[in-house]
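Geometric and topological summary
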Amino acid sequence: MAGFGGAVKLTGESEYRKALKNITQNLKEVASEMKLVSAQYSKNDTSTEALSAKSDVLSKKLEQQKNKVETLKKQYADMSTEYDENTQKHSALSKQYVEESNKLADLEKTLGTTSDEYKAQADVVADLQTELEKSTKAQESNTKTMSDMRIQLNNAETDLAKTSNELEALAKQMDD
């Protein structure tokens, strides 16, 4: 029998989630700093002091967003590799299940369903079917996890681009 097992959960996910949680918390802090800076200066205040304070906060935010994007990219790459390996294992398990099911059908034709060989093969097929069902559920879960991560990465890159554009606009404003 395969010994594959149905638990093909992506590893390393919890470490990345912890790192992302820390980065997200840091981004919340920076956002609160931006609110403070905005509250301290009027909305139309274009003094060097106000622009400089906004620039400092945006720079911090940009740095945190870069960290988040890099963490997500590394996580996505690592998990993608693992996902591909799990997909290959799942395919091998599916192939083995089909082969063992075919053997069972052959035994039924030649020896009947009451033979010891048939019963032993039926047990093998039943075990493989259980493993295949677990593997299929894990594969579906992993597919969703990868999709969610890709969405998270896209959103993080969008936020990074927005902050970068804000910082560039602020730099032009400071130059003026």
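Our subject is the structure that appears above.
Residues numbered from 1 in each chain as written. Predicted model: local features only at pLDDT ≥ 70, side-chain atom pairs only at ≥ 80, totals over all residues. Heavy atoms only, no water.

Along its length, the protein carries three helices and zero strands. In sequence order, the protein lays out its α and β elements as α-α-α. Within the protein, residue pairs in contact and separated by at least 24 positions form 85% of the contacts whose partners lie at least 6 positions apart. A total of about 11,100 Å² of accessible surface is found on the protein, and carbon and sulfur atoms cover 50% of it. (Helix = DSSP H or I, 4+ residues; strand = E, 2+ residues; numbered from the N terminus. Contact = heavy atoms within 4.5 Å. Areas by Shrake-Rupley, 256 points an atom, 1.4 Å probe, with all protein chains shown as cover.)

Now for the environment of serine 52. By the element assignment, serine 52 lies in helix α2 (residues 48–111). Look at serine 52 and you get partly exposed, because its relative accessible area is 28%. Taking the C-alpha atoms as reference, serine 52 lies 8.9 Å from leucine 170; in sequence the two are 118 residues apart. (Buried < 20%, exposed > 50% of the residue type's maximum accessible area, 1.4 Å probe, protein only.)

When a protein is soluble and globular, its nonpolar side chains tend to lie buried together. Val57, Leu58, Val69 and Leu72 are the most contacted members of the largest nonpolar core, which totals 20 residues. At the level of secondary structure, the elements contributing two or more residues to this core comprise α1 (13–40), α2 and α3 (116–175). Here the element with the most residues in this core is α2; it accounts for nine residues. Not counting residues up to four positions away in its chain, the partners in contact with leucine 58 are Met34, Thr163, Glu166, Leu167 and Leu170. (Core = buried A, V, L, I, M, F, W, Y, C linked by side-chain atoms within 4.5 Å.)

We now examine α2. If you check α2, its first and last C-alpha atoms are 91 Å apart, about what 64 residues at 1.5 Å a residue would give, namely 94 Å. Note on α2: the residue one or two positions beyond its end, glycine 112, has a positive phi of about 90°. (Expected span 1.5 Å × (residues − 1).)

What follows deals with the packing of aromatic side chains. Enumeration according to the criterion identifies zero aromatic pairs in this entry. The side chain of arginine 150 reaches across the aromatic face of tyrosine 76, ending 5.4 Å from its centre. (Phe/Tyr/Trp six-rings, centres within 6.5 Å; stacked < 30°, edge-to-face > 60°. Lys NZ or Arg CZ within 6 Å of the ring centre and 35° of its normal.)

Running from N to C, α2 and α3 point in directions that differ by 165°, and their axes come no closer than 6 Å. What the angle tells us is that α2 and α3 run roughly antiparallel. Between α2 and α3 lies a crossing of left-handed hand. Classifying every residue of the contact of α2 with α3 gives 27 nonpolar, 23 polar and 14 charged. (Axes fitted to C-alpha atoms, helices over the stretch in contact; angles between N-to-C directions. Parallel < 35°, antiparallel > 145°, perpendicular 65-115°, else oblique. Left-handed = near helix turned anticlockwise from the far one by under 90°. Nonpolar A, V, L, I, M, F, W, Y, C, P; charged D, E, K, R; others polar.)

Fair warning: the whole summary comes from geometry, so function is off the table for now.
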